[in-house]
Amino acid sequence: MQALWMVLASLFFSTMSVCVKFAATHFNTFELVCYRGAIGTLIMAVICKRKGMSLKTPVPKMHLWRSVVGVTSLAAWFYAIAYLPLATAMTLNYMSGVWVAAFLVGSTIWAGSLQNAKQQIPVALTVMVGFVGVVMILRPTFEQNQWLAGLIGVSSGVIAAMAYLQVAALGREGEPVERTVFYFSLGATVSGAVCMLFTGTSEWVWPQAWLLLPMGILAALGQWCMTRAYNDGATMVVANLQYSGIVFSALFGMFLFGDQIPLIGWAGIIVIVLSAIAATALRSRSTVALPVEDH
């Protein structure tokens, strides 16, 4: 079931990124973070109320850290989308899967559990192979004057990996998905609003401002599905399945906007699909419990 949740999350996030790309021409990065968070906060608050779920949490510090790293990564990604070609910004952000694998294997080796590290390495390799597929599809490009945006894009992937690991940690603590998404969205709203005090606000231009609504709804749905996936599944397998968002983006471009997918792009899609299948198969065959991944 973890595969379905992560694939759905990738679908929602890839659709949201199109809204962000258009909205970024009218609103600055922190406005997008704030409005996205506000819509998500409202949606999750309503869901929690309907479920009779309290918003009081026994692990406020964990939610605070998840919000800090999540909002920082989100702001960096939105900045990269605004100032880099969309394919390049997406590639750098999707490096988060590689960073997740590196963090998990590294922490296991650091803890001295070499046997568990040996079990992790084959799945980690599938994550890296999947990222090769991402590069084959997107074929990112940089201009000489885009080094700052590029560095920020790289940082968005590193910090996103930290956020995903924190989501998994919250799941191990038994935190409900809706409450986790609520506090992240609330953190995004507050952080974006505070930064807007210094960066200012943009004039609302219609009908472009309407893009904020689907952006927020899609983001909330994507966050819910992604959190559910990391709560229920093996972290590295979920990180691999996240690459399906690139496949969705490529297919959207072909069917909706008439973009052409070259042969290397189709090969990249096949690589991503096969790497996801391999990661799932390797994980299902594993007989050793990995404490850094499992609940």
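Just above, that's the structure.
Quick look at the structure, then. Just so you know, the residues in each chain are numbered from 1, in the order the chain's sequence is written. In view of the model being predicted, local features appear only for residues whose pLDDT reaches at least 70, and side-chain atom pairs are presented and counted only at 80 or more, with totals across whole chains, interfaces and linings using the full set of residues. Hydrogen atoms and water are omitted, and side-chain values are computed over all heavy atoms in the structure.

### Things to note about the side chain of Thr88
Thinking step 1. Each helix is a run of H or I in the DSSP string that is no shorter than four residues. Each strand is a run of E no shorter than two, and both are numbered from the N terminus. By the element assignment, Thr88 lies in helix H4 (residues 86-93).
Thinking step 2. We call two residues contacting when some pair of their heavy atoms lies within 4.5 Å. If we ignore the near neighbours within four places in the chain, the residues touching Thr88 are Pro140, Thr141 and Phe142.

### Remarks on the packing of aromatic side chains
Thinking step 1. Stacked, tilted and edge-to-face are the three classes assigned to paired rings of Phe, Tyr and Trp, where Trp is represented by its six-membered ring and a pair needs centres within 6.5 Å; plane angles under 30 degrees give stacked, over 60 edge-to-face, the rest tilted. Following the criterion strictly, the structure yields 11 aromatic pairs and no others.
Thinking step 2. Here the aromatic rings of Tyr35 and Trp204 are separated by 5.5 Å at their centres, their planes lie at 65°, and the arrangement is edge-to-face. Of this pair, Tyr35 sits in helix H2 (residues 29-51) while Trp204 is found in the loop between helix H8 (177-199) and helix H9 (212-232), placing the two residues 169 residues apart along the sequence.
Thinking step 3. Whether a residue is buried, partly exposed or exposed follows from its accessible area with a 1.4 Å probe, protein chains only, as a fraction of its type maximum: under 20%, in between, or over 50%, in that order. With a relative accessible area of 16%, Tyr35 lands in the buried category.
Thinking step 4. Accessibility expressed as a relative area gives 38% for Trp204, which makes it partly exposed.
Thinking step 5. Aromatic side chains Phe131 and Tyr243 sit 6.5 Å apart centroid to centroid with 45° between the ring planes, which places their arrangement in the tilted category. Taken as a pair, Phe131 in helix H6 (residues 114-138) and Tyr243 in the loop between helix H10 (235-241) and helix H11 (244-257) lie far apart in primary sequence, 112 residues in all. Both residues of the pair, Phe131 and Tyr243, count as buried.
Thinking step 6. When the NZ atom of lysine or the CZ atom of arginine is within 6 Å of a ring's centre and also within 35 degrees of its normal, the charge is said to sit over that ring. The ring centre of Phe184 lies 4.1 Å from the NZ or CZ of Arg66, which sits over that ring.

### A short note on the packing of helix H3 (residues 60-83) against helix H7 (residues 147-172)
Thinking step 1. Think of each axis as a best-fit line through the C-alpha atoms, taken over the contacting stretch in the case of a helix, with angles from 0 to 180 degrees between the N-to-C directions. The N-to-C vectors of H3 and H7 enclose an angle of 150°; their axes lie 8 Å apart at closest approach. When the axes of H3 and H7 are compared, the pair comes out roughly antiparallel. Relative to H7, the crossing made by H3 is left-handed.
Thinking step 2. Gly is put with the polar residues, along with every residue not named as nonpolar or charged; the nonpolar set is Ala, Val, Leu, Ile, Met, Phe, Trp, Tyr, Cys and Pro, and the charged set is Asp, Glu, Lys and Arg. The residue inventory of the contact of H3 with H7, partitioned by class, reads 18 nonpolar, eight polar and one charged. Roughly parallel covers angles under 35 degrees, roughly antiparallel covers those over 145, roughly perpendicular covers 65 to 115, and oblique covers all other angles. Take the far helix as the reference: if the near one is turned anticlockwise from it by less than a right angle, the crossing is left-handed, and if turned clockwise, right-handed.

### Focus on H2
An α-helical turn contains 3.6 residues, so a residue and the one three or four places further along point in the same direction.
Thinking step 1. Multiply 1.5 Å by the residue count of a helix minus one, and that product is the helix's expected span. The first and last C-alpha atoms of H2 sit 33 Å apart over 23 residues, in line with the 33 Å expected at 1.5 Å per residue.
Thinking step 2. Two to three positions downstream of the cap, the backbone nitrogen of Phe30 sits 3.1 Å from a side-chain oxygen, assigning the N-cap of H2 to Asn28. In the analysis that follows, any N or O atom pair within 3.5 Å is treated as a polar contact, provided that within protein one partner can donate a hydrogen and the other can accept it, and provided that, for residues neighboring in sequence, both atoms belong to side chains.

### So, the side chain of Gln146
Thinking step 1. Note that Gln146 resides in the loop between H6 and H7.
Thinking step 2. Gln146 sits in the buried class, given a relative accessible area of 13%.
Thinking step 3. With residues near it in sequence (within four places) discarded, Gln146 still touches Tyr83, Leu84, Pro85 and Thr141.

### Remarks on the pattern of salt bridges
Thinking step 1. The salt bridge criterion pairs a side-chain nitrogen of Lys or Arg with a carboxyl oxygen of Asp or Glu, the two atoms within 4 Å. For the structure on display, the rule yields two salt bridges.
Thinking step 2. Put simply, Lys51 and Glu178 hold a salt bridge, and the shortest N to O gap is 2.7 Å. Residue Lys51 is located in helix H2, and its partner Glu178 is located in helix H8; the two are separated by 127 residues in the primary sequence.
Thinking step 3. What makes Lys51 exposed here is its relative accessible area of 53%.
Thinking step 4. Residue Glu178 is classed as buried on the basis of its relative accessible area of 5%.
Thinking step 5. The partner of Arg179 in a salt bridge is Glu175, and the shortest N-O contact between them spans 2.7 Å. Assigned by exposure class, Arg179 and Glu175 land together as buried.

### With respect to the environment of Thr29
Thinking step 1. The topology assignment puts Thr29 in helix H2.
Thinking step 2. When sequence neighbours within four positions are dropped, the list of residues in contact with Thr29 reads Ala75, Phe78 and Tyr79.

### Looking at unusual backbone geometry
Thinking step 1. The phi dihedral of Arg139 falls on the positive side, at around 45°, and the residue is not glycine.
Thinking step 2. By the element assignment, Arg139 lies in the loop between H6 and H7.
Thinking step 3. The exposure class of Arg139 is partly exposed, given its relative accessible area of 39%.

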